[in-house]
Amino acid sequence: MKSIWTAAAAMLLSVTVAHAASAVTPPDELARNTANALLEELKANKDSFKQNPEQLYAVVDRIVLPHFDFDYVSKLVLARYWRKATPEQRTRFQQAFRSQLVSFYGDALLDYSDETVRWENAAVPEGATDVTVKSEIVPKGGDPIQISYATHLTDGQWKVYDVTVDGISLVTNYRGQFAAEIRRNGLDALIQRLESESKAAS
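Analysis parameters
- Residues numbered from 1 in each chain as written.
- Predicted model: local features only at pLDDT ≥ 70, side-chain atom pairs only at ≥ 80, totals over all residues.
- Heavy atoms only, no water.
- Core = buried A, V, L, I, M, F, W, Y, C linked by side-chain atoms within 4.5 Å.
- Buried < 20%, exposed > 50% of the residue type's maximum accessible area, 1.4 Å probe, protein only.
- Helix = DSSP H or I, 4+ residues; strand = E, 2+ residues; numbered from the N terminus.
- Contact = heavy atoms within 4.5 Å.
- Axes fitted to C-alpha atoms, helices over the stretch in contact; angles between N-to-C directions.
- Parallel < 35°, antiparallel > 145°, perpendicular 65-115°, else oblique.
- Nonpolar A, V, L, I, M, F, W, Y, C, P; charged D, E, K, R; others polar.
- Phe/Tyr/Trp six-rings, centres within 6.5 Å; stacked < 30°, edge-to-face > 60°.
- Pairing = 2+ DSSP bridges.

### A few points about the nonpolar core
Counting 48 residues, the largest nonpolar core has Phe 93 and Phe 97 as its most contacted members. Among the elements that take part in this core, helix 6 (residues 87-109) stands out by supplying 7 residues, more than any other. Beyond its immediate chain neighbours, meaning those up to four positions away, Phe 97 contacts Phe 70, Val 73, Val 77, Tyr 174, Phe 178 and Leu 194.

### Describing the packing of helix 4 (residues 70-78) against helix 7 (residues 170-185)
Across the interface, helix 4 lies against helix 7 with an axial gap of 7 Å and an inter-helix angle of 55 degrees. One way to sum up the angle between helix 4 and helix 7 is to call them oblique. Of the residues in helix 7, those touching helix 4 at Leu 76, Val 77 and Leu 78 are Val 171, Tyr 174, Arg 175, Phe 178 and Ile 182. Within the contact of helix 4 with helix 7, the residues separate by chemical class into 7 nonpolar, no polar and 1 charged.

### A word on the packing of aromatic side chains
Applying the stated criterion to the full structure yields 7 aromatic pairs. Taking the centre distance of 5.4 Å and the plane angle of 65 degrees together, the rings of Tyr 72 and Tyr 161 count as edge-to-face. You can see Tyr 72 sitting in helix 4 and its partner Tyr 161 sitting in strand 4 (residues 157-165), a full 89 residues away along the chain. With relative accessibility at 33%, the residue Tyr 72 sits in the partly exposed group. Seen from their ring centres, Phe 97 and Tyr 174 are 5.1 Å apart, and the 80 degrees between their planes marks the pair as edge-to-face. Remark: Tyr 174 occurs in helix 7 and Phe 97 occurs in helix 6; sequence separation between them is 77 residues. Judged by its relative accessible area of 0%, Phe 97 is buried. Exposure remark for Tyr 174: the relative accessible area of 9% places this residue in the buried category. Taken together, the aromatic side chains of Phe 70, Phe 93, Phe 97, Tyr 174 and Phe 178 make up a single cluster linked through ring pairs.

### With respect to unusual backbone geometry
Here the phi dihedral of Ala 79 falls at roughly 50 degrees; this positive angle occurs in a residue that is not glycine. Overall, Ala 79 belongs to the partly exposed group, its relative accessible area being 27%. One non-glycine residue, Asp 166, lies in the positive phi region at around 45 degrees. Along the polypeptide, Asp 166 turns up in the loop between strand 4 and strand 5 (168-169). Look at Asp 166 and you get partly exposed, because its relative accessible area is 38%.

### Points about the sheet that holds strand 5
With respect to topology, 5 strands assemble into an open sheet ordered 1-2-3-4-5, the strand pairing being antiparallel. Single-partner strands in this sheet number two, and they are strand 1 (116-119) and strand 5. Note: strand 2 (residues 130-138) against strand 3 (residues 145-154), 8 bridges, orientation antiparallel. Across the sheet, residue Ile 137 finds its bridge partner in strand 3, namely Ile 145.

See the structure below:
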């Protein structure tokens with residue numbers, strides 16, 4: 001599973017499609033163009049990132065996470081527990097979950113090793129507000145890994161709200177994991193665990 005999500009992490013760097021020009025330029029084209037620039041930065045600084053992962057976390061936080069619709073992702077992940085949560089719980093969860101994603105994808109990116117990337121042209125009908133960007137990673141000597149990004153138009157920007165790798169949805173995966181933990185120990189316990197892991201990684 002780690003190799004699959006490593007590929008997703010590398011590709012996720014490319015899906016920075018939040019730009020006003022997205023109304024004209026298709027999300028897949030924006031993704032391809034941005035991928036080239038960002039992956040070059042990763043290649044140029046990989047040794048430095050391995051010695052100091054915090055530098056890579058900062059890159060992920062600055063470049064990737066702003067292009068997620070994080071409010072919407074949080075609602076999807078917590079599902080009914082989001083509706084029951086207090087404003088304080090929601091804020092704490094979002095901060096801790098964001099930190100976990102930054103560390104997760106940063107660590108996975110360190111294993112990226114120049115796999116071949118293929119993109120499908122995304123059809124964007126006029127007036128569309130929800131577009132799936134499809135791609136695949138071709139590992140050396142391995143089978144292609146299908147990766148798709150669910151994006152939607154919100155406040156005039158295209159943003160990612162889910163990533164699916166070989167049929168496994170990031171949102172669905174976390175939703176099941178967190179729901180089981182909340183049923184056992186409660187929402188506050190989940191938030192405290194995420195906060196503790198965030199502090200340990202910093």
